[in-house]
Amino acid sequence: MFASAISKIRKVPGRWARRIVIVATVLVVGLAAGGYAIAKGSSGSTEFPQSSAIEAQYGVRFSRIAVVGDGGLITLTYVVLDSEKATRFQSDVQHPPELRSEKRDGGTKRVSVMKQGHTLRAGQTYYLVYQNTKGALQHSEKATVLVGSLSLQHAPVL
Amino acid sequence: MKRLTIRRPLALLSAAAVIGASALVWSQAAASVAMSEGLLCDTDSNQTFSLTAEDGYVSTPDGNSIYMWSYGNSKRSFQLPGATLCVESGKPVTVVLHNKLPEATSIVFPGQKSVKANGNPAQPQFDSGGSLTSLVQPAAANDGSVTYTFTAGSPGTYLYETGTDVDKQLQMGLYGALVVRPAGHPNQVNDRADSAFTAGKEYVYLLSEIDPDVHLAVERNQPVNWAASTARYFMINGRSMPDTLAPNNAPWLPSQPYGALVHIKPYDAATNPLPATIRYLNAGSVNYPFHPHGSDERVVNRDGHSLQGPAGQDLSYQKYDLDVGPGQTVDVLMDWRDTEHWNATTNPIPTQIPAITDQLLVGSDTWFSESGYLGTKNSVPANLTQNNECGEYYHIAHSHALEQATNYGAAFGGMMTVFRIDPPAGCASQ
Ligand SMILES: [Cu+2]
């Protein structure tokens, strides 16, 4: 199913077609993520949640939270929707999004390797690496992303 | 730039398709393959391996998806790099290559002697006009196969890679690592007792590069413009930073199963006397000047040979910059020594946290716990934004050629990872 969709889209040239592809991509990524979560048999919502308020204000769509560094680090990835807003979001080193466990007390806003050092391109994925302060987040639980006064709940932690 | 913007959405879409397709596969594998760090070996009691050369996709941290060729274990699915084969020195090895690619391919085993292909000496192949077609007997396109046999050579690390249309097929991903262990001493790098390492603290760093334009041309069956070829992605074990930090078999990287996080504790004569080992391999076309911050590493092997003199003198040496040339391998021993035994209460040496790159990687965003003492965390100054799990250290390790530490030009990324040093007592939250 995916393969035939790809081959059709690949034959369509031009900028307009590209925008359609971006939209389709986001949908398919969402479906794929959902498929993964179902396959893993995790409980509750299976997709990475989205917040149109966050997207409108910060120009980014968060796409994954993963515990890495053998438990000591967390990567938060996001897709840039609006280059200008996202560049502002990303260079505000004093106010990175905070990640909070929904199961336990604990969270982290300790960001390392933050700057990309240049304009963020729309459609591209970037990341923040967090210190997993006191083991704040664990695999296969749900977290809330707090950014400014906005929040994104029930994000799966991989 | 134009190519990039066109490529990316398509790439994302195919990445999504790949992720979707592999979701079910992963769920079956998940129960048996735990996420872990460190070397993941393919082993076999008869040292017989079945590899399938096939195509697939890998993802890069910026959301791109790259069409690749690689050697997967025939019982599993596509993976990059090829399966890491671990064998014992002096014993016969059999590698059966199945070829699902649309052109002939082969495997050469540099450093292994008297390799045979289907029972005959492995040797260069020529067409009827006398032109070289392959460095060894290949497996024919579309379901051909060939069996290579040899006796595992001196202990150490070797590349295995394509011997057919090498520039193209190597760029496409046809490479993997062969780890030859000393007979009877699985936890030594070579036959020397002083090459012993801590069991389980063993890491392979297979370094490589990708020019996405070449891969797109091959995928579309178009001619490759080699004159314009420029590598854009730089990888350790088929992953770029920050994916290098993720565990082995991370579910969001279904065809890139190998992580690149070194995780050790400080040297201690009683409780942690042995170093870790890191095996560097260069499957690319240029030098990768790889170096970890914070400590030198002891080079004990080059290209599968221990560094010793004719009378067995130890010729290993401490090195900061591990310059791994194309086709080369370098095996090192690495430990982390707390030479001055700082301790916040018993040996409090007043320090100011220096502004070295380990700590001040970018601006005020540090990797440390606001304390120079391993295992101690201080509160975070108002202008800093970090604190960690248990006072552990993270040393950046990366290619010193800075364009190799980017994801298509975006820093930081590429050939970069961290070495994690835990306090002697371990990490309570683990
Ligand atoms: Cu450096």
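Further up the page is the structure itself.
Residues numbered from 1 in each chain as written. Chains lettered and ligands numbered in written order. Predicted model: local features only at pLDDT ≥ 70, side-chain atom pairs only at ≥ 80, totals over all residues. Heavy atoms only, no water.

**Structural notes on the sheet that holds strand E2 (residues 73-80) of chain A**
The strands making up a sheet are joined through hydrogen bonds of the backbone, oriented either antiparallel or parallel. Residues and elements named next belong to chain A. Here is the rule: DSSP calls a pair of strands paired once it identifies at least 2 bridges connecting them. Numbered from the N terminus, helices here are DSSP runs of H or I no shorter than four residues, and strands are runs of E no shorter than two. What makes two residues a contact is simply this: any of their non-hydrogen atoms within 4.5 Å. To get an axis, fit a line to the C-alpha atoms, keeping to the stretch in contact for a helix; angles then go from 0 to 180 degrees between the N-to-C directions.
Read across the sheet, four strands follow the order E1-E2-E6-E5 without closing on themselves; strand pairing throughout is antiparallel. Pairing within the sheet leaves two strands with one partner each, and these edge strands are strand E1 (60-68) and strand E5 (111-112). Summarising the sheet, E1 and E2 pair through eight bridges and their orientation is antiparallel. Opposite phenylalanine 62, over in E2, you have tyrosine 78 as the bridge partner. Contacts between helix H4 (residues 83-91) and the sheet are confined to E1 and E2, with E2 contributing the most and set at about 160° to the helix.

**Looking at the pairing of strand E22 (residues 393-399) of chain B**
Residue and element names in this part refer to chain B. Formally: Per-residue accessibility, obtained with a 1.4 Å probe over protein chains only, is compared with the maximum for each type, and a residue is labelled buried under 20%, exposed over 50%, and partly exposed between these values.
In terms of burial, E22 is a largely internal element, seven of the seven residues being buried. Relative to E22, strand E16 (residues 288-292) runs antiparallel, the two being bridged by three bridges. Its bridge partner being in E22, histidine 291 is matched across the sheet by histidine 398. Pairing analysis gives six bridges linking E22 to strand E23 (residues 416-421), with the strands arranged antiparallel. Across the sheet, tyrosine 393 pairs through a bridge with isoleucine 421, a residue of E23.

**Remarks on the coordination of the copper ion**
Residue and element names in this part refer to chain B. Test applied: With water omitted from the atoms examined, metal sites may look incomplete; donors here are N, O and S atoms no farther than 2.8 Å from the metal, or 3.2 Å in the case of Na, K and Ca.
The coordination sphere of the copper ion, as far as protein atoms go, consists of His291 (NE2), His293 (NE2) and His398 (NE2), spread over 2.0 to 2.3 Å. Each donor residue of the copper ion lies on one chain, and together they are spaced H-x1-H-x104-H. Taken together, the residues histidine 293 in the loop between E16 and strand E17 (297-302) and histidine 398 in strand E22 connect sequence positions 105 residues apart. Overall, histidine 293 belongs to the buried group, its relative accessible area being 9%. For histidine 398, a relative accessible area of 7% corresponds to the buried category.

**Here's the deal with the packing of aromatic side chains**
Selection rule: Each Phe, Tyr or Trp ring (for Trp, its six-membered ring) is paired with any other whose centre lies within 6.5 Å, and the angle between the two planes then decides the class: stacked below 30 degrees, edge-to-face above 60, tilted in between. Definition used: whenever NZ (Lys) or CZ (Arg) falls within 6 Å of the ring centre and also within 35 degrees of the ring normal, the charge is taken to sit over that ring.
Applying the stated criterion across every chain, the model contains 16 aromatic pairs over all chains. Relative to tyrosine 160 of chain B, the ring of tyrosine 71 of chain B has its centre 5.6 Å away and its plane inclined at 40°; by these criteria the two rings are tilted. Note that tyrosine 71 of chain B is positioned in strand E2 (residues 65-73) and tyrosine 160 of chain B in strand E10 (residues 156-161), a separation of 89 residues in sequence. Comparing tyrosine 71 of chain B with tyrosine 160 of chain B shows no difference in burial state: the two are buried. Taken together, a centroid distance of 4.7 Å and an interplanar angle of 45° make the contact between phenylalanine 109 of chain B and phenylalanine 150 of chain B tilted. A residue pair is termed long-range when its members are at least 10 positions apart, and phenylalanine 109 of chain B in the loop between strand E4 (92-99) and strand E5 (116-117) and phenylalanine 150 of chain B in strand E9 (residues 144-151) qualify at 41 residues. Note on phenylalanine 150 of chain B: relative accessible area 4%, which makes it buried. Here the aromatic cluster, defined as three or more aromatic residues joined through ring pairs, consists of Tyr58, Phe62, Tyr78, Phe89 and Tyr126 of chain A. The residue whose ring lies beneath arginine 337 of chain B is tyrosine 267 of chain B, and the NZ or CZ to ring-centre distance is 3.7 Å.

**Remarks on helix H3 (residues 212-219) of chain B**
All names here are of chain B. Inclusion rule: Polar contacts, as counted here, are pairs of nitrogen or oxygen atoms within 3.5 Å of one another; within protein the pair requires one atom able to donate a hydrogen and one able to accept it, and residues that are adjacent in sequence qualify only if both atoms are side-chain atoms.
Burial within H3 is extensive, with seven of its eight residues counted as buried. Along H3, the residues classified as buried are Pro212, Val214, His215, Leu216, Ala217, Val218 and Glu219. The N-capping residue of H3, defined by a side-chain oxygen 2.9 Å from the backbone nitrogen of aspartate 213, is aspartate 211. Directly after H3, the chain includes asparagine 221, whose backbone phi takes a positive value near 60°.

**Concerning the pattern of salt bridges**
Residue and element names in this part refer to chain B. Operational definition: We define a salt bridge as a contact between a side-chain nitrogen of Lys or Arg and a carboxyl oxygen of Asp or Glu at a distance within 4 Å.
Applying the stated rule across the entire model yields 14 salt bridges over all chains. Across the pair lysine 201 and glutamate 37 runs a salt bridge, and its minimum N-O distance is 3.5 Å. Of this pair, lysine 201 sits in the loop between strand E11 (175-181) and strand E12 (202-210) while glutamate 37 sits in the loop between helix H1 (2-30) and strand E1 (48-59); the two residues are 164 residues apart in sequence, bridging distant segments of the chain. Since its relative accessible area comes to 22%, glutamate 37 is described here as partly exposed.

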